[in-house]
Amino acid sequence: QVQLVESGGGLVQAGGSLRLSCAASGSISNIYAMGWFRQAPGKQRELVARITRGGVTNYVASVQGRFTISRDNAKNMVTLQMNSLRPEDTAVYSCNTISSWGGLGPWGQGTQVTVSS
């Protein structure tokens, strides 16, 4: 499977924005979907956004209207634009491949996002 490297995290104030990037080691054009996940301390990992190879997007309700996922198959990149950030968005964000049945590939290191109040 492709290897993924996340970047773009950092410390921002509430209401600010960040853009996360996910670089893949190989082609993602034929992968069913790519997703962004997050895990806060003491919390379960959750899927926050996904985009299929056909360009269909889905978001968890808590980020709907604030986050935008996109993909650039030519660059083997997936991005997550995060606007109007809230302290509860604080987490380690990771990207991953998603099969048609929901299977995931190996996890990378992720990138830390911290939103201060």
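Q: Please provide a residue-by-residue account of the pairing of strand E8 (residues 77-82), values included.
A: Counting buried residues in E8 gives 5 out of 6 residues, a clear majority hidden from the surface. For strand E3 (residues 18-24) and E8, the ladder comprises 6 bridges, and the chain directions are antiparallel. Bridged to Leu-20 within E8 is Leu-80. Looking at chain direction, strand E7 (residues 67-72) and E8 are connected through 6 bridges and run antiparallel. Residue pairing for E8: Asp-72 is matched across the bridge by Met-77. Between the end of E7 and the start of E8, which pair antiparallel, lie 4 residues, with Asn-76 showing a positive phi angle near 55 degrees.

Q: Explain unusual backbone geometry residue by residue, including any values.
A: For Asn-76, which is not glycine, the phi torsion reads 55 degrees and is therefore positive. Its location among the elements puts Asn-76 in the loop between E7 and E8. For Ser-84, which is not glycine, the phi dihedral falls at a positive 50 degrees. Counting through the fold element by element, Ser-84 comes out in the loop between E8 and strand E9 (91-98). For Ser-84, a relative accessible area of 42% puts it in the partly exposed group.

Q: Requested: an account of the nonpolar core, with residues and values cited.
A: Among the nonpolar cores identified, the biggest contains 26 residues, and Trp-36, Leu-80, Met-82 and Tyr-93 are the most heavily contacted of them. Counting only elements with at least two residues in this core, the list comes to E3, strand E4 (33-39), strand E5 (46-52), E7, E8, E9 and strand E10 (111-116). If you tally residues by element for this core, the top one is E3, at 4 residues. Leave out the neighbours within four places in its chain, and Leu-80 touches Leu-18, Arg-19, Leu-20, Trp-36, Val-48, Ala-49, Phe-67, Thr-68, Ile-69 and Tyr-93.

Q: Let's hear about the sheet that holds strand E1 (residues 4-7): which residues, and what values?
A: Read across the sheet, 4 strands follow the order E1-E3-E8-E7 without closing on themselves; strand pairing throughout is antiparallel. Among the strands making up the open sheet, the edge pair consists of E1 and E7. Adjacent strand axes in the sheet meet at a mean angle of 15 degrees, parallel and antiparallel pairs treated alike.

Q: Mind laying out the sheet that holds strand E2 (residues 10-13), listing which residues take part and the relevant values?
A: Spatially, the 6 strands line up as an open sheet ordered E2-E10-E9-E4-E5-E6, and their pairing is mixed. The strands lining the two open edges of the sheet, one partner per strand, are E2 and strand E6 (57-59). Sheet twist, expressed as the mean angle between neighbouring strand axes with direction ignored, is 25 degrees. The pairing of E9 with E10 spans 3 bridges and is antiparallel.

What counts and what doesn't
- Residues numbered from 1 in each chain as written.
- Predicted model: local features only at pLDDT ≥ 70, side-chain atom pairs only at ≥ 80, totals over all residues.
- Heavy atoms only, no water.
- Buried < 20%, exposed > 50% of the residue type's maximum accessible area, 1.4 Å probe, protein only.
- Helix = DSSP H or I, 4+ residues; strand = E, 2+ residues; numbered from the N terminus.
- Pairing = 2+ DSSP bridges.
- Core = buried A, V, L, I, M, F, W, Y, C linked by side-chain atoms within 4.5 Å.
- Contact = heavy atoms within 4.5 Å.
- Axes fitted to C-alpha atoms, helices over the stretch in contact; angles between N-to-C directions.

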